[in-house]
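Summary of the model geometry
Here are the chains, one letter per residue:
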Amino acid sequence: MLALRHRLSSLCLKAVRQHGIRGISRTATAAASAASAAKPKPAFVRVPEAQVTTMDNGLRVASEDWNTPTCTVSVWVEAGSRYETEETNGVAHFLEHVLFKGTKSRSQLDIEKDIESRGAEVTARTTRELTSYSVRCFSKDVPWAVELLADVVRNASFNDEAIESGRVEILRQMQEAENDPRTVVMDYLHSAAYQGTPLSRPVLGPIDSVRSISKTDIQHYAEDNFKPHRMVVAAAGAVAHSELADLCKRHFGSLTNDYARLAPTMKPIRFTGSSLLDRDDHLPFAHVAIAVEGPGWADDDIIPLSLASAYIGSWDRAQSGGNNIASRLARQAHDAFNGGVLSYDSFLTSYRETSLWGMHFVANQESVNFFSKDFQTDWMELSQDVREFDLVRAKNATLTNMYSRLAGTQAACDELGRNIICYGRRIPMAELEDRIARVRPAELSQAAQRYIYDRCPVVAGFGPIEGLPDYNRIRGKMWFYGCRNG
């Protein structure tokens, strides 16, 4: 199975990680419920309004003026491992490692010196469907940042030395990912859930592909995917939108949507209820993930399922609390199993037309069986009955997580760019708060039931998983409302 683990590496999105306090009085709970029924005002009234301009070639330019001394400018591209082939799986992530290693007019040394002298920072991220390249700098250096991003996106040299250096970096990163059981099990989950379709491909790619990717592969991928109608330039900080739009027109305006080869197409996705298990009794703890298929990121059910994920929540034995933990599942993990459960976290990983909603947990060999059943029982109870107190807790956790994604210009810019790519607009925080506040217990329960009850789950396990129930037993509990030990 070692070769399989090499083929399945990297990246999934984070789940909500907040908990309420059990000791809230009935009066406080009732007051919170009444407040949630009314249309809320944004908690942070200083969140600026996003401005968006679409250029003649389809490039979208978006900005939020946060009136800060620094600014983050990003180029977002609707591209990732989903747009690769089996033979070039990993090329999108490979591109991330070589893009800033020189252009036709700048050497790698020139780029690095310029970044360092300005006190700037460069980051890049690749996922299954999205890629971003960012520069964080002083606001006065925004013109330089836009010009640098345009230069690396349009004129990267992809010299042999840079490619080989990037290959070494990626192989080392793959080795690190191999030693992270959570990364391994979440890639197993995608491989099983979307088997035979592009979303099953890991972002890092299989090791054989990384070793064979050529300069031509990288050039063709960049040429085929860096098209303005699939790109967004986003900025957050002290930035004037008109100035940003002018800069983008100057540096990106001549980009065309013409293709030298066949245009990349988004192949359909198919979810398959199944399991992928990799038993290794030499590891001290098992990592298990169980999920069902959810809706795409723009579906109306995403808000209720986000709340459902927060409702189940997350827990880690290292955190304080015992009988005072609000979540029943967290109390069970804390008090039962003789300390055999280390942690769990609920997640909702969304893509264009699908998502994975479930939970990842870490437990010893003796606890895997009973805790997996306990989690499924909580899942089924969620689709049958939602407690008002716990819904208030889930809403508060979701709002906290939502606003924490705006901490700093980098986070705000990421949220802005992702919104424009995914939804075609920046969803106002007041609108999100309103949609969260309007979810009632019955609505949350009905949404959960649509995706849980009698649905085929996907299961992935890694480590000492001998005690994990057989897939047919896990599938059987997807329609069973009963005792916790069933």
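Refer to the structure above for everything that follows.
Just so it is clear, the structure is predicted and the values come from calculations on it, not from any experiment.

Attention shifts here to the packing of helix H14 (residues 388-404) against helix H16 (residues 429-437). Interaxial distance between H14 and H16 falls to 10 Å at its minimum, and their mutual angle equals 165°. Overall, the two elements H14 and H16 adopt an arrangement that is roughly antiparallel. Pair H14 / H16 crosses with right-handed handedness. Where H14 abuts H16, its residues Lys395, Thr398, Leu399, Met402 and Tyr403 lie against Met429, Leu432, Glu433, Ile436 and Ala437. Broken down by class, the residue content of the contact of H14 with H16 amounts to seven nonpolar, one polar and two charged.

Our next topic: the sheet that holds strand E12 (residues 458-463). Backbone-to-backbone hydrogen bonds pair the strands of a sheet. The strands run either parallel or antiparallel. What the six strands build is an open sheet, ordered E7-E12-E8-E11-E10-E9; its pairing is mixed. Unpaired on one side and paired on the other, strand E7 (275-279) and strand E9 (314-316) mark the two borders of the sheet. Strand-to-strand twist across the sheet, computed as the mean angle between neighbouring axes with direction ignored, equals 15°. Summarising the sheet, strand E8 (residues 286-294) and E12 pair through five bridges and their orientation is antiparallel. Bridge pairing in E12 links Ala291 to Val458. Packed onto the sheet, helix H7 (residues 181-193) meets E7, E8, strand E10 (341-350), strand E11 (355-363) and E12 and runs at close to 150° relative to E12.

Spatially, E1-E2-E6-E3-E5-E4 is the arrangement adopted by the six strands of the open sheet, whose pairing is mixed. At either end of the open sheet lies a strand with only one pairing partner, and these are strand E1 (51-54) and strand E4 (121-126). The average undirected angle you get between the axes of adjacent strands in this sheet is 15°. The pairing of E1 with strand E2 (residues 60-65) spans four bridges and is antiparallel. Looking at E2, one finds that Thr54 is bridged to Arg60.

What counts, and where the lines are drawn
Numbering of residues starts from 1 in each chain and follows the order in which that chain's sequence is written. Only residues with pLDDT of at least 70 are given local features in this predicted model, and only at 80 or more are side-chain atom pairs given and counted; all residues enter the totals for whole chains, interfaces and linings. With hydrogens and water set aside, each side-chain value is computed from the structure's full complement of heavy atoms. To define axes, lines are fitted to C-alpha atoms, for helices over the stretch in contact only, and angles between the resulting N-to-C directions are given on a 0 to 180 degree scale. Put simply, DSSP marks the helices as runs of H or I at least four residues long and the strands as runs of E at least two long, and each gets a number from the N terminus on. By the definition adopted for this analysis, an angle is roughly parallel if under 35 degrees, roughly antiparallel if over 145, roughly perpendicular if from 65 to 115, and oblique otherwise. If you view the pair so one helix is near and one far, a crossing is left-handed when the near helix is turned anticlockwise from the far one by less than a right angle, and right-handed when it is turned clockwise. Residues are treated as being in contact if the distance between any of their heavy atoms lies within 4.5 Å. Polar here means any residue other than Ala, Val, Leu, Ile, Met, Phe, Trp, Tyr, Cys and Pro, which are nonpolar, and Asp, Glu, Lys and Arg, which are charged; Gly is therefore polar. Any two strands are treated as partners once DSSP identifies two or more bridges connecting them.

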